[in-house]
Amino acid sequence: TLQSCVDHTLPELTLDDCDHAVSYISEVRPITDTNCAITGCHNGDNGAERNWTVFSNFQSHSADVKRRIQLPPTDGDHMPASGSITEDEIQTIVCWVDQGAKNN
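Calculation notes
Residues numbered from 1 in each chain as written. Predicted model: local features only at pLDDT ≥ 70, side-chain atom pairs only at ≥ 80, totals over all residues. Heavy atoms only, no water. Helix = DSSP H or I, 4+ residues; strand = E, 2+ residues; numbered from the N terminus. Contact = heavy atoms within 4.5 Å. Areas by Shrake-Rupley, 256 points an atom, 1.4 Å probe, with all protein chains shown as cover. Buried < 20%, exposed > 50% of the residue type's maximum accessible area, 1.4 Å probe, protein only. Polar contact = N/O pair within 3.5 Å; in protein donor to acceptor, adjacent residues only side chain to side chain. Disulfide = S-S within 2.5 Å. pLDDT = per-residue confidence, 0-100.

A.B. asks: Can you lay out the overall build of the protein chain for me, pointing to particular residues and giving the numbers?
C.D. replies: Looking only at helices and strands, the protein chain features four helices and zero strands. Element order for the protein chain, N to C, with α for helix and β for strand: α-α-α-α. In the protein chain, the proportion of contacts linking residues at least 24 apart, taken out of those at least 6 apart, comes to 63%. By element, 51% of the accessible surface of the protein chain is carried by carbon and sulfur atoms, the whole surface being about 6300 Å².

Here it is, written out as structure tokens:
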């Protein structure tokens, strides 16, 4: 049997971790523009519905985005697929989703 002393799971963030109303326009969109809506990923290269530059597309997938960014980087479903986002950026997106994924 194999054992590991390293826990690669990230704690799930909750609304309690959100200290302010998160703005899509000024806080979330810059994260997605820099890390998600890039060539070969969510800029429309992989289909129109996966184009995160279109707000309604990103909003309709927001729960899955929240789930996938919180997965350990070693998980095949983890996003972003290349590069990484900071814990603060993860928390920003999680809070925005938990607050209703508003176009604000």
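That was the structure; now back to the text.
A.B. asks: Describe in detail the environment of aspartate 64, supporting the description with residues and values.
C.D. replies: Tracing the backbone through its elements, the reader meets aspartate 64 in helix 3 (residues 62-69). Under the relative-accessibility criterion, aspartate 64 is labelled partly exposed at 32%. Among the polar contacts listed, one links the side chain of aspartate 64 to the side chain of arginine 67, at a separation of 3.0 Å.

A.B. asks: Just give me the short version of the state of the cysteines, but keep the residues and values in it.
C.D. replies: Tallying each qualifying case throughout the model produces one disulfide. Disulfide pairing is shown between cysteine 18 and cysteine 95; the S-S distance is 2.0 Å. Handedness of the cysteine 18-cysteine 95 disulfide follows from its S-S torsion of about -100°: it is left-handed. With cysteine 18 in the segment before helix 1 (24-35) and cysteine 95 in helix 4 (residues 87-98), the pair connects residues that are 77 residues apart, well separated along the chain. A single burial state applies to cysteine 18 and to cysteine 95, both of which are buried. Considering cysteine sulfurs only, cysteine 36 is the nearest to cysteine 41, which forms no disulfide, with 8.1 Å between them.

A.B. asks: Tell me what's going on with the confidence of the model for the protein chain, and back it up with residues and numbers.
C.D. replies: Mean pLDDT over the protein chain: 87, with 85% of residues reaching 70 or higher. Counting interchain partners and residues more than four positions distant, the pLDDT-below-50 stretch residues 1-11 has seven contacts.

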